[in-house]
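# Observations on the three-dimensional arrangement
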Amino acid sequence: MEDVSVGFVVRIVLSLIAAGILYILLSRRGDPSRPAKQTKAKVSKKSRSPASKSVHDSESEFSDEPDHPLQESDDEEDPGAALERLPRVKLDHQPMEAEQMCRKAREFYELMNKRRTVRTFSTRPVPLEAVENIVRVAGTSPSGAHTEPWTYVVVGDPVMKGQVRQIIEREEEVNYDRRMGSAWVKDVALLGTDFSKPYLEEAPYLIIAFEQTSGVRPDGKKQHHYYSRLSLTPGTDSTVRAAWFPT
């Protein structure tokens, strides 16, 4: 891989391990069917999401029902009034001619088609500003009921990266030994991987995505985040594309 792209591709694979880190944190808490205690972390600035965070594991990511019951409110507000109070951002869209539309779509495809999944990274420093803008792009992603149920944490401290690696490798070793089964081990063997993740310390930065199962409304009451686990998918996808784009 050309060195010019390696620095930013660091963010690509590291953002993809975000789901793994969530799983690890949940697995360490014992019962995966119960919500975990609130996890606090120092996070970099992002566009809109609140700062209260938590992670959990639900039995079904595709259920229409909340993962835990919402508390009844004594002063239920008229839905129409609540809708009117929500902030709006004006859509700034300029229609394109067919030729321009096709050209831009082709150019974007050609750029994305150059993306590759790598597990060897350069230790060359990259500007933190670029990483923060990648996180901001992730914050623009769509989410269930527009709840934006995520927190992106940027880790650059070598000691903290070493601790993250220890957690990941401990859980990955369990995956290879017994959790995932022999078929999974056989499939990933074709990629030449194992539970060792040295790149977690070699990469200049890690970007970790945390799931928010709930938040706080302006009136101080609990706001349930619908499809919080599924909403992390477009956010991670945006992170990958944003990380590749500057190269």
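One can find the structure itself at the top, above this paragraph.
Below is a short write-up of the structure. (Residues numbered from 1 in each chain as written. Predicted model: local features only at pLDDT ≥ 70, side-chain atom pairs only at ≥ 80, totals over all residues. Heavy atoms only, no water.)

The next point concerns the pattern of salt bridges. Applying the stated criterion to the full structure yields 8 salt bridges. With a shortest N-O distance of 3.0 Å, R179 and E171 are connected by a salt bridge. Judged by its relative accessible area of 30%, R179 is partly exposed. On the basis of relative accessible area, E171 is assigned to the buried category, the value being 9%. Of the charged contacts, one joins R217 and D219 as a salt bridge, the two residues approaching to 2.5 Å between their closest N and O atoms. Residues joined by salt bridges that share partners form a network here, namely R165, E169 and E201. (Salt bridge = Lys/Arg side-chain N within 4 Å of Asp/Glu carboxyl O. Buried < 20%, exposed > 50% of the residue type's maximum accessible area, 1.4 Å probe, protein only.)

Between helix 5 (residues 128–138) and helix 9 (residues 228–244), the least distance of the axes is 8 Å, while the angle of their chain directions is 145°. At the point where helix 5 passes helix 9, the crossing takes the right-handed sense. Here helix 5 contributes I134, V137 and A138 to the contact with helix 9, which in turn contributes G235, S238, T239, A242 and A243. Here the residues of the contact of helix 5 with helix 9 sort into 5 nonpolar, 3 polar and no charged. (Axes fitted to C-alpha atoms, helices over the stretch in contact; angles between N-to-C directions. Helix = DSSP H or I, 4+ residues; strand = E, 2+ residues; numbered from the N terminus. Left-handed = near helix turned anticlockwise from the far one by under 90°. Contact = heavy atoms within 4.5 Å. Nonpolar A, V, L, I, M, F, W, Y, C, P; charged D, E, K, R; others polar.)

Moving on, we come to the packing of aromatic side chains. Applying the stated rule across the entire model yields 3 aromatic pairs. Summarising the aromatic geometry, the rings of W150 and Y152 are spaced 6.3 Å apart at their centres and angled 50° between planes, so their arrangement reads as tilted. Each member of the pair, W150 as well as Y152, is classed as buried. (Phe/Tyr/Trp six-rings, centres within 6.5 Å; stacked < 30°, edge-to-face > 60°.)

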